[in-house]
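# Coordinate analysis (summary)
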Amino acid sequence: MAALCAPPSQSTLRHSRPRAPSFSTRGFAIKMANTSAGAGAGSVPAFEEGQLERPRWTGETPLSRFVGTLISIKPLYSLMKLGARQVLISTAERTNIPWQKMTKEILESEVYKEMESIEDGSLVYPDYYLNPFHAYDEGNLSWLAAAEAEAATMSMVRRAIPYASSVDEANKIVRGNWLEVIEQHHEKYSGNNSAIRDILDIGCSVGVSTRFLADKFPSAQITGLDLSPYFLAVAQYKEKQNFKRSNPIRWIHAKGESTGLPSHSFDLVSIAYVFHECPAQAIINILKESFRLLRPGGTIAVTDNSPKSKILQGLSPVLFTLMKSTEPFLDEYYLLDLDQAMRDAGFENVSSVLTDPRHRTVTATVPFL
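Being a predicted model, the structure only gives us computed values, none of them experimental. (Residues numbered from 1 in each chain as written. Predicted model: local features only at pLDDT ≥ 70, side-chain atom pairs only at ≥ 80, totals over all residues. Heavy atoms only, no water.)

### Comments concerning the overall build of the protein chain
- The helix and strand inventory of the protein chain stands at 14 helices and nine strands.
- By residue count, 56% of the 369 residues in the protein chain fall in the buried class.
- For the protein chain, the exposed surface amounts to about 15,800 Å²; the carbon and sulfur share of it is 54%. (Helix = DSSP H or I, 4+ residues; strand = E, 2+ residues; numbered from the N terminus. Buried < 20%, exposed > 50% of the residue type's maximum accessible area, 1.4 Å probe, protein only. Areas by Shrake-Rupley, 256 points an atom, 1.4 Å probe, with all protein chains shown as cover.)

See the structure below:
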């Protein structure tokens, strides 16, 4: 693996406690979107779905069980984690994403000073969050994971749109479609409550999705919430360094399942690329909390891997094995009927749209009283 900059020692790495853009769709067949509850994606084209409900490499299929057996063998698991990490880094560097440079800039910055104002030392982490994620033994609770998060996100966007000439072009599709679906859903179902004044971004990581939301809805008050104080420290540091907003983003260290925030205090709750890292019960609990937090007519928007993505269903054995080795709850996510889970939580007007070849955006509304 290409050498990263020398990170701090382990004692340092661990804290004391711890409107739609036009674009080309060449290379992908386009068909009309299948959306539930009659909610269309408007000007957002639909990308091709696979013929299965979910990939064969998930759930209780023989293939999935075989991959699970391989992952359970510790020496193989260690190699898989290393391979998965190398895929991310090499993809990034090959597509002009300066992974190593970006990481070094964060690790050698004053980001560490942000921790004190961010971390809630009384927070008790859920057991599932203490699992290794993304080839980091400490999961999201480390400076290295936080320093590499934005480069990893950029790499994910480039993989989703391989024909894009740059990360910016890829984001016009991935992020542009996501934001367009949110805006159209809210305008259609929020009635007289169409103004988006307050937004909560659950699982905001280092604030990439939060900043896109703030740029899309500049008059809104934005809150980014995450379980990792390391990620939040990076988010706050980058926001201070690079952005001057009329409505500064507020960052909160809390659990998505029990945020401690007042009921009916948001018009939009966004959850971007979070649920595939959560067990099913955590997803259900976060949906319930989101329902509590939203005002009547408010919108929830979840964007994440699509089980029906033709691209994901057709991944090579090497790639899906590497993916599963770094995502401990991936099967639970793919097996959960997210649309139904939203309805069970009380949401209505549930709509699911494939907003790029790999990802879906699921939107729903809190009923009016």
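### Observations concerning the side chain of D198
- Position of D198 relative to the elements: it lies in strand 3 (residues 198-202).
- Judged by its relative accessible area of 18%, D198 is buried.
- Of the polar contacts made by the side chain of D198, one reaches the side chain of R295; its length is 3.0 Å. (Polar contact = N/O pair within 3.5 Å; in protein donor to acceptor, adjacent residues only side chain to side chain.)

### Quick notes on the nonpolar core
- In this structure, I271, F275, L287, I300 and M342 are the most contacted members of the largest nonpolar core, which totals 68 residues.
- When residues of this core are assigned to their parent elements, the largest contribution, six residues, is made by helix 6 (residues 143-160).
- F275 has contacts with I283, I286, L287, V302, D304, Y333 and L338, leaving out every residue within four places of it along the chain.
- Residues C204, A235, I249 and L268 belong to the second largest nonpolar core, which totals 31 residues. (Core = buried A, V, L, I, M, F, W, Y, C linked by side-chain atoms within 4.5 Å. Contact = heavy atoms within 4.5 Å.)

### A closer look at the pairing of strand 6 (residues 266-272)
- With respect to burial, strand 6 is a largely interior element, seven of its seven residues being buried.
- In the sheet, strand 3 pairs with strand 6 via four bridges, with the strands oriented parallel. Counterpart to D201 in the pairing with strand 6 is S270.
- Pairing of strand 6 with strand 7 (residues 294-305) involves six bridges; the strand directions are parallel. (Pairing = 2+ DSSP bridges.)

### Examining the side chain of R360
- If you trace the backbone, R360 turns up in strand 9 (residues 359-365).
- Put simply, R360 is tucked away with no salt bridge, and the nearest opposite charge, on D339, sits 4.7 Å away.
- Beyond its immediate chain neighbours, meaning those up to four positions away, R360 contacts V302, T303, D304, N305, S306, P307, Y333, L338, S352, V353, L354 and T355. (Lys, Arg positive; Asp, Glu negative; His and termini not counted. Salt bridge = Lys/Arg side-chain N within 4 Å of Asp/Glu carboxyl O.)

### Considerations on the pattern of salt bridges
- By the definition in use, this model includes 16 salt bridges.
- Here R197 and D267 are joined by a salt bridge, their closest N and O atoms 3.5 Å apart. Here the residue R197 occupies a position in the loop between helix 7 (167-189) and strand 3, and D267 occupies one in strand 6, the gap between them amounting to 70 residues.
- On the basis of relative accessibility, which here comes to 0%, the residue D267 falls in the buried class.
- Taking the shortest distance from any N to any O, the salt bridge between E239 and R245 comes out at 2.5 Å.
- Judged by its relative accessible area of 7%, E239 is buried.
- Via salt bridges that share partners, R197, D198, D267 and R295 belong to a single interconnected network.

### So, the environment of L179
- Along the chain, the position of L179 falls in helix 7.
- When the C-alpha atoms of L179 and K216 are compared, they prove to be 7.4 Å apart, with 37 residues separating the residues in sequence.
- Ignoring anything within four residues of it in the chain, the contact list for L179 reads F212, L213 and K216.

### Digging into the packing of aromatic side chains
- Evaluated as defined, the whole model comprises ten aromatic pairs.
- Aromatic side chains Y128 and F329 sit 6.2 Å apart centroid to centroid with 85 degrees between the ring planes, which places their arrangement in the edge-to-face category. Of this pair, Y128 sits in the loop between helix 5 (115-118) and helix 6 while F329 sits in the loop between helix 12 (317-326) and helix 13 (330-335), and the two are 201 residues apart along the sequence. F329 carries the same exposure label as Y128, and that label is buried.
- Look at F133 and F329: their rings are 6.3 Å apart centre to centre, the planes differ by 50 degrees, and that puts the pair in the tilted class. With F133 in the loop between helix 5 and helix 6 and F329 in the loop between helix 12 and helix 13, the pair connects residues that are 196 residues apart, well separated along the chain. F329 shares its class with F133; the two are buried. (Phe/Tyr/Trp six-rings, centres within 6.5 Å; stacked < 30°, edge-to-face > 60°.)

### A few points about the sheet that holds strand 8 (residues 348-354)
- An order of 5-4-3-6-7-9-8 is seen for the seven strands of this open sheet, with the pairing classed as mixed. Only two strands of the sheet have a single neighbouring strand rather than two, namely strand 5 (250-253) and strand 8. Within this sheet the neighbouring strands show an average axis-to-axis angle of 15 degrees, counted without direction.
- Two strands pair when backbone bridges link them, and strand 3 and strand 4 (residues 221-226) are joined in this way by five bridges, in the parallel orientation. (Axes fitted to C-alpha atoms, helices over the stretch in contact; angles between N-to-C directions.)

### Considering the packing of helix 4 (residues 99-107) against helix 6
- Across the interface, helix 4 lies against helix 6 with an axial gap of 9 Å and an inter-helix angle of 145 degrees. Crossing geometry of helix 4 relative to helix 6 is assigned as right-handed. For the pair helix 4 and helix 6, the contacting residues are W99, M102, T103, I106 and L107 in the first and W143, L144, A147, E148, E150, A151, A152 and M154 in the second.
- The class makeup of the residues in the contact of helix 4 with helix 6 is ten nonpolar, one polar and two charged. (Left-handed = near helix turned anticlockwise from the far one by under 90°. Nonpolar A, V, L, I, M, F, W, Y, C, P; charged D, E, K, R; others polar.)

Note that all results are geometric; they support no functional claim without further evidence.
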